[in-house]
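For reference, the chains in residue letters:
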There are 4 protein chains.
Amino acid sequence: MNIFLNDYNDLCHENVYQKVSEVQEKGNIGYGFDEYSEKAKRCIKRDLENKDVQIEFLAGGTIANIIAISANLLPYEGVIAAKSGHIVGHETGSIEATGHKVELIETSDGKLSKDLLLNRLKDFTDEYHIVPKLVYISQTTELGTVYSYEEIKEIYDVCLEYGLYLYIDGARMAVGLAASDIEVSDLCDICDIFTLGGTKNGAMFGEALVIVEEELKHNLRNFMRQRGSVIAKGFITGAQFLALFEDGLYYELGKKANDMSIKLAEELEKINIKFNQEPVSNQIFIEMPIEKIKPLEENNAFEIQPLSDSEKVLRFVTSYRTNEEEINGLISDLKALED
Amino acid sequence: MNIFLNDYNDLCHENVYQKVSEVQEKGNIGYGFDEYSEKAKRCIKRDLENKDVQIEFLAGGTIANIIAISANLLPYEGVIAAKSGHIVGHETGSIEATGHKVELIETSDGKLSKDLLLNRLKDFTDEYHIVPKLVYISQTTELGTVYSYEEIKEIYDVCLEYGLYLYIDGARMAVGLAASDIEVSDLCDICDIFTLGGTKNGAMFGEALVIVEEELKHNLRNFMRQRGSVIAKGFITGAQFLALFEDGLYYELGKKANDMSIKLAEELEKINIKFNQEPVSNQIFIEMPIEKIKPLEENNAFEIQPLSDSEKVLRFVTSYRTNEEEINGLISDLKALED
Amino acid sequence: MNIFLNDYNDLCHENVYQKVSEVQEKGNIGYGFDEYSEKAKRCIKRDLENKDVQIEFLAGGTIANIIAISANLLPYEGVIAAKSGHIVGHETGSIEATGHKVELIETSDGKLSKDLLLNRLKDFTDEYHIVPKLVYISQTTELGTVYSYEEIKEIYDVCLEYGLYLYIDGARMAVGLAASDIEVSDLCDICDIFTLGGTKNGAMFGEALVIVEEELKHNLRNFMRQRGSVIAKGFITGAQFLALFEDGLYYELGKKANDMSIKLAEELEKINIKFNQEPVSNQIFIEMPIEKIKPLEENNAFEIQPLSDSEKVLRFVTSYRTNEEEINGLISDLKALED
Amino acid sequence: MNIFLNDYNDLCHENVYQKVSEVQEKGNIGYGFDEYSEKAKRCIKRDLENKDVQIEFLAGGTIANIIAISANLLPYEGVIAAKSGHIVGHETGSIEATGHKVELIETSDGKLSKDLLLNRLKDFTDEYHIVPKLVYISQTTELGTVYSYEEIKEIYDVCLEYGLYLYIDGARMAVGLAASDIEVSDLCDICDIFTLGGTKNGAMFGEALVIVEEELKHNLRNFMRQRGSVIAKGFITGAQFLALFEDGLYYELGKKANDMSIKLAEELEKINIKFNQEPVSNQIFIEMPIEKIKPLEENNAFEIQPLSDSEKVLRFVTSYRTNEEEINGLISDLKALED
């Protein structure tokens, strides 16, 4: 079977597994105050070239978004996000459940822009609307597109001007770094808070939430406890992130996943497959007549999304564990469908 | 060092570790719909002698409480709990954060009773108060005390009469089963929803939420997603619970922890240590003059709680990994303080 | 000055004022349990030809919407509404503040329809989305359009089929009844809960919330108290609604407002004013070049809404107190602008 | 009938009624931006000797508490109040419904104190508890007791030291001013935010929320709209408060109510009635054998509260409309019971 279903269908990378295995002894301190977590945080701060950030490890992407977004919003404040954003269509109203409205911006490629944001902000000038306080973007986006340094910087400048926080959901930040001109050491300069996702990049579970802006650090631990997001055996999460960041494994895995998607995109282009979105990261979306999908599913695992009565969008996701055999297998099956 | 700090300071039991290691291959289905989770659920249903319950695996105790308690409460409904309950003093207002008031009952030993509940219910007869809808208890309690079958049955009968749900927080259910006359197969008969805690009984992380009452099953998965509590690589949690329940390991570990605490309690009695609560499960609370604590901390790890200006309460927790050497070490250190 | 600003810029109708004046004596029972409120409810039930409804008087439209919509929603349930709905763009995220997402439907005229609703419901089939539970519509709509009996009945049939509640926001129900083929005695047959607005139809303040569906009556008073919406001197609200409903004044005022808007629409057509929405109730929206607005404001009060760089939409609202002189005055001013 | 039921059982004071009557003309601006509201605010600021406060008029006491307390709390922050406080036992979990826990302090007389507060604050030093942010007190208290200037000042000094807001619920502030050594011009010096209650002191409805602390003013109007607490015909509320404050009527009515309660207390002492709380404001609580209550109810209206199996607490409330005949009537009925 060629696995393109998603990037979180195995246990974890062997180095992560190895590091976790080292925590066999008892007597570890709980709740993230252990030495593994401390070391992991030091490694991340080293890579970020910023010693002042606060780092917290959370179990998954949705809880990381909830904590990052709602911790510092007053009841009448709200969030601005692309209509295609993960918090809009994939998290069951998680942000609204915190009492805060998410105001949407329509986009063609899942990316906000300085102009889209400036234009939308005009709608919030009276007491009949919420007061925008945080802008949500993700790197990479739900459509697999990627922001450049300049694009995020322009958005952040608008945020600074209007007193908004900028949060980057980095569930796929490792691939985002590999696919964009943004260096990990740039991240603290272009937003107030962001995540470095582990679940989709070789960890068993876990997202590193990095808080840059001082205001956002205030009592975050209390809020994490209130939302049930503090992991009792935090040393397990710490060990995983130590494995990912002590010697750059995190970036390697992101690059590996991205190299595989570049390879896949090239092969798809050769056989004139129609892309639904420009293929620039490890999620590739193609359009396919409905009747051709079933045969393709025999040897290939992928996600299917609606498009029209006659066609569907197929999502192929590569990961650090994708190999060339899988790509070649998929391509030959696609070719077979053409004949 | 003799470790009595808590029951979640190691990685996990070796069998759990072994089972998790088996999930190396990729292609696993996410979000708990994998075969490991399915098998684990079948084993738990077998032990519960109930095929109709719904089982969901959650990462930790607080999020399990949030999901179990607030999923089916309407905005004007509330919760009744002992003032010493975990959701009252250890979860940073997690239930109030869902919008629901927790109405308290004072107890001497951390346990609610039929009479205490009936008496408290008299306070909720008018529109100036919330409408009680769920009663929270835990087995074992925050004070290490344990409910008998009859005691919970009486409380549940009141709940059924008054249209209240009864939830048992089983973060330490394994020890609770070992320390009480309640069989695992009794659980579905004496409450509407409960947890089987893994974190404090040999798992890396994870609580099994068991929903007995039909009304409480409705769309629970949507709510779990909304609160960010669905684990992406659910097969890891599934594998852990499969290891714990496929052949009774869960109960063995609970019994081991409890045997160690019985042994410890016996030794403490011999040297006339003053108990703060009757020692009946794996949390033992003793009273100690402040000046004697520091020397005791040299070779022993335990938790300290306030009592008076001259004395503190020390909590000693045993687990399946506690050994007799640790108990003997602690006892001899305590003896030494007497001389 | 010709007043077309809105329908709530005077104290109240003289009969309402008269009835309130009768409550001079002290000793009245508070919180809506007084005889005025009881009589008013009997009159409304008589007109509805339904003795089983529950009626509660609330101070204003937004709090009435909050109570009607969120009282019976579980945390993962949500609301469906037209994108132009009052709860979407005019109430500062009031529904999201209760924790519930409002899922939108785009419309051309502010009205939902059976087909629009059926099509939108297809989006809520998985655990990544909220579970729709209530459909919000208003009579009349934000765009001044009006539903026919058949149109609402079709929507309600879909709601019954899908287990959704249908709520009709009747802030302008009096005009809605005058402008549609719906009789007041029809209302209980085509929705689960609705309001009869007083504020915009001759009262000082107050909306009558009418609950038809049994499930929605449960403990509503507790919820009203929790949201601070129970009026201490409820007899004042009761007296107002008694004046409005004891002898049909409510319907007369709605008809008067509507007759005035028909007259205004006819005059506007004669001078070829371009309507932004078909004029069918007491809110009339016309399009006007920006440069002509200022002179028009000299003798006429109205609301201005954005349209394009060169044009604005002007809203003219008639009420039971609008007189022909005002209409003639406005028309002659508009004519003058043409020359 | 001698009416001691409460202080909000009549329409309103004649001057209030007169002023409201003046708003007959149409064309008034809505939502509190009218001239009546402006004038009323100027009068209140004059009396407060503070031009910088923000003043908003709200319909009732509970919604005023919700707005004042929760507008500026972050999700992990909470409130401290006396266990007998109105928000604790009479508002159906209204504060918890905003997501914030109310931490209680036991008191003998319903009053917090510097020492009680300092002692309670020791409980909030870790991440297992909410972060206290606002202290709630009321003048007068639920038990009819009254704070002195010095008592509130000491509490406020603690609040300033610990970064807490102090809110004074002034539902009965008029009587509180009459019964204490606090001048209206002192209020801005001893708290961050407070209310001047109208409902219980001669208005039809309405509380004036006065915000002293700059941080608390931020976007309050948006929050008021979100909670459905902005009154459409705000000019009616404005007119009422103008009548109450343009020439000191507010203080006169409070004094009148208080004089009547002093008179009543004196008469009760003469006949050796047992007080349940020291009688110092317009709520007087006495203890009465159950069998004597029914006859007393024949000619006297009052509230009954539980005390023991053999006795109840009777609450007698005086208002600006209480007259000596009523007091004499009640006293003679009480005397008759003795014989």
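Rules and cut-offs
- Residues numbered from 1 in each chain as written.
- Chains lettered and ligands numbered in written order.
- Predicted model: local features only at pLDDT ≥ 70, side-chain atom pairs only at ≥ 80, totals over all residues.
- Heavy atoms only, no water.
- Helix = DSSP H or I, 4+ residues; strand = E, 2+ residues; numbered from the N terminus.
- Rg over C-alpha atoms; globule rule 2.2 N^0.38 Å.
- Buried < 20%, exposed > 50% of the residue type's maximum accessible area, 1.4 Å probe, protein only.
- Contact = heavy atoms within 4.5 Å.
- Areas by Shrake-Rupley, 256 points an atom, 1.4 Å probe, with all protein chains shown as cover.
- Lys, Arg positive; Asp, Glu negative; His and termini not counted.
- Charge placed at Lys NZ, Arg CZ, Asp CG, Glu CD.
- Least-squares fit on C-alpha atoms with pLDDT ≥ 70 in both.
- Phe/Tyr/Trp six-rings, centres within 6.5 Å; stacked < 30°, edge-to-face > 60°.
- 1 Å grid on protein atoms, 1.4 Å probe; cavity = no way out; pocket = protein on both sides within 12 Å on 5 of 7 lines; lining within 4 Å.
- Points joined across faces, edges and corners; volume = space filled by probe spheres on them.
- Nonpolar A, V, L, I, M, F, W, Y, C, P; charged D, E, K, R; others polar.
- Buried area = accessible area lost by both parts, 1.4 Å probe.
- Salt bridge = Lys/Arg side-chain N within 4 Å of Asp/Glu carboxyl O.
- Pairing = 2+ DSSP bridges.
- Axes fitted to C-alpha atoms, helices over the stretch in contact; angles between N-to-C directions.
- Parallel < 35°, antiparallel > 145°, perpendicular 65-115°, else oblique.
- Left-handed = near helix turned anticlockwise from the far one by under 90°.
- Polar contact = N/O pair within 3.5 Å; in protein donor to acceptor, adjacent residues only side chain to side chain.
- pLDDT = per-residue confidence, 0-100.

Caption draft 1: How the structure looks around the overall build of chain A. If you tally the helices and strands in chain A, you get 12 helices and 12 strands. Scaling as 2.2 N^0.38, a compact globule of 339 residues should have a C-alpha radius of gyration of about 20 Å, and chain A matches this with 20 Å. The C-alpha extent of chain A, read off along each of the three principal axes, is 60 × 60 × 30 Å. Counting over 339 residues, chain A shows a buried share of 66%. At a minimum sequence separation of 6, the contacts of chain A that also span at least 24 residues come to 72%. Accessible surface, chain A: about 11,900 Å² in total, of which carbon and sulfur atoms supply 47%. Separation of charge centres in chain A, based on 34 positive and 59 negative side chains, amounts to 4 Å.

Caption draft 2: Highlighting the relation of the copies chain A and chain B. After a rotation of 180° and a shift along the axis of 0.0 Å, chain A superposes on chain B with an RMSD of 0.0 Å. Look at the turn and shift together and you get a two-fold axis relating the two. Taken as a fraction of all interface residues of chain A, those also at the interface in chain B reach 100%, which identifies the copy contact as same-surface.

Caption draft 3: Spotlight on the packing of aromatic side chains. All names here are of chain C. Enumeration according to the criterion identifies 48 aromatic pairs over all chains in this entry. With centroids separated by 6.3 Å and ring planes inclined at 10°, the aromatic side chains of Phe241 and Phe245 adopt a geometry described as stacked. Remark: Phe245 and Phe241 occur in helix H9 (residues 234-245); sequence separation between them is four residues, near one turn of the helix. By relative accessible area, Phe241 is classed as buried at 0%.

Caption draft 4: Representation of the relation of the copies chain C and chain A in the model. Here chain C sits on chain A after a turn of 180° about the axis and a move of 0.0 Å along it, with an RMSD of 0.0 Å. A share of 100% of interface residues in chain C that are also interface residues in chain A marks the association as one of identical surfaces.

Caption draft 5: The layout of surface pockets, seen in detail. In this model, the second largest pocket occupies a volume close to 550 Å³. Here the lining of the second largest pocket is built from residues that sort into seven nonpolar, five polar and eight charged.

Caption draft 6: Up close: the interface of chain A and chain B. The interface of chain A with chain B comprises 40 residues on the first partner and 40 residues on the second. A buried area of about 3,800 Å², summed over both sides, lies between chain A and chain B, and 54% of it is on carbon and sulfur atoms. Looking at the side of chain A facing chain B, the largest losses of area belong to Leu11, Lys26 and Lys233 of chain A, adding up to 19% of the total buried there. Across the contact surface, chain A and chain B share six salt bridges.

Caption draft 7: Inspection of the sheet that holds strand S6 (residues 165-169) of chain C at higher detail. Residue and element names in this part refer to chain C. Judged by pairing direction, the sheet is mixed, and its seven strands sit side by side in the order S2-S8-S7-S6-S5-S3-S4 without closing on themselves. Either end of the sheet is taken by a strand with one partner, and the two such strands are strand S2 (54-58) and strand S4 (102-105). Going from strand to strand, the sheet's axes swing by 25° on average, the running direction of each strand aside. Bridge count between strand S3 (residues 77-82) and strand S5 (residues 131-138): five bridges; the pairing is parallel. Counted as the bridge partner of Gly78 is Pro132 from S5. Helix H3 (residues 61-70) rests against S2, S3, S5, S6, strand S7 (193-197) and strand S8 (207-211) of the sheet, and its axis sits at about 175° to S6.

Caption draft 8: Expanded view of the interface of chain C and chain A. Across the boundary between the two partners, chain C contributes 15 residues, which contact 15 residues of chain A. Summing the contributions of chain C and of chain A, the shared interface buries around 1,300 Å²; its carbon and sulfur component is 51%. In this structure, the connection of chain C to chain A is made through zero salt bridges. Class assignment for the residues of the side of chain C that touches chain A results in four nonpolar, seven polar and four charged.

Caption draft 9: Summary view of the packing of helix H11 (residues 290-297) of chain C against helix H12 (residues 324-338) of chain C. Residues and elements named next belong to chain C. At a minimum axis separation of 10 Å, H11 and H12 run at an interaxial angle of 140°. As the angle between them shows, H11 and H12 are arranged oblique. In this structure, H11 crosses over H12, and the sense of that crossing is right-handed. Across the interface between the two elements, Lys292, Pro295 and Leu296 of H11 pack against Leu330, Asp333, Leu334, Leu337 and Glu338 of H12. Here the contact of H11 with H12 is built from residues that sort into five nonpolar, no polar and three charged.

Caption draft 10: A look at empty space enclosed by the protein. For the coordinates displayed, the defined rule picks out 19 cavities of 30 Å³ or more. Every residue lining the largest cavity is counted, 39 residues in all, and those nearest its centre are Ala97 of chain A, Ala97 of chain B, Ala97 of chain C together with Ala97 and Thr98 of chain D. Looking at the lining of the largest cavity residue by residue, the classes come out as 19 nonpolar, 16 polar and four charged.

Caption draft 11: A look at the environment of Asp126 of chain A. All names here are of chain A. Here Asp126 is to be found in the loop between helix H5 (114-121) and strand S5 (131-138). With a relative accessible area of 30%, Asp126 lands in the partly exposed category. A distance of 2.8 Å separates a polar atom in the side chain of Asp126 from the backbone nitrogen of Tyr128. Side-chain polar atoms of Asp126 contact the side chain of His129, separated by 2.8 Å.

Caption draft 12: Fine view of the confidence of the model for chain A. Residue-level pLDDT values for chain A average 97, and 100% of them are 70 or greater. For this predicted complex, the interface confidence reaches an ipTM of 0.96, while the overall pTM sits at 0.97.

Caption draft 13: Molecular detail of helix H3 (residues 61-70) of chain B. Along H3 of chain B, nine of the 10 residues are buried, which leaves the element largely enclosed by surrounding structure. Where H3 of chain B is concerned, the buried positions are Thr62, Ile63, Ala64, Asn65, Ile66, Ile67, Ala68, Ile69 and Ser70 of chain B.

Caption draft 14: Geometry of the sheet that holds strand S11 (residues 303-306) of chain B. Residue and element names in this part refer to chain B. Strand order in this open sheet of three strands is S9-S12-S11, and the pairing throughout is antiparallel. In the strand order of this sheet, the two ends are held by strand S9 (283-289) and S11, each with one partner. Averaged over all adjacent pairs, the angle separating strand axes in this sheet is 30°, with direction ignored. The pairing of S11 with strand S12 (residues 311-317) spans four bridges and is classified as antiparallel. Across the sheet, Glu303 pairs through a bridge with Arg315, a residue of S12. In the packing of helix H10 (residues 249-270) onto the sheet, contacts are made with S9 and S12, and the angle to S9 comes to roughly 25°. In this fold helix H11 (residues 290-297) packs onto S9, S11 and S12, with an angle of close to 120° to the strand it touches most, S9.

Caption draft 15: Broad picture of the packing of helix H10 (residues 249-270) of chain C against H12 of chain C. Residue and element names in this part refer to chain C. The interhelical angle for the contact between H10 and H12, taken along N-to-C directions, is 20°, at an axis separation of 10 Å. Comparing their axes, H12 and H10 come out roughly parallel. The element H10 and its partner H12 pack so that their crossing is right-handed. For the pair H10 and H12, contact is made by Met260, Lys263, Leu264, Glu267 and Leu268 and by Glu324, Ile327, Asn328, Leu330, Ile331 and Leu334, respectively.

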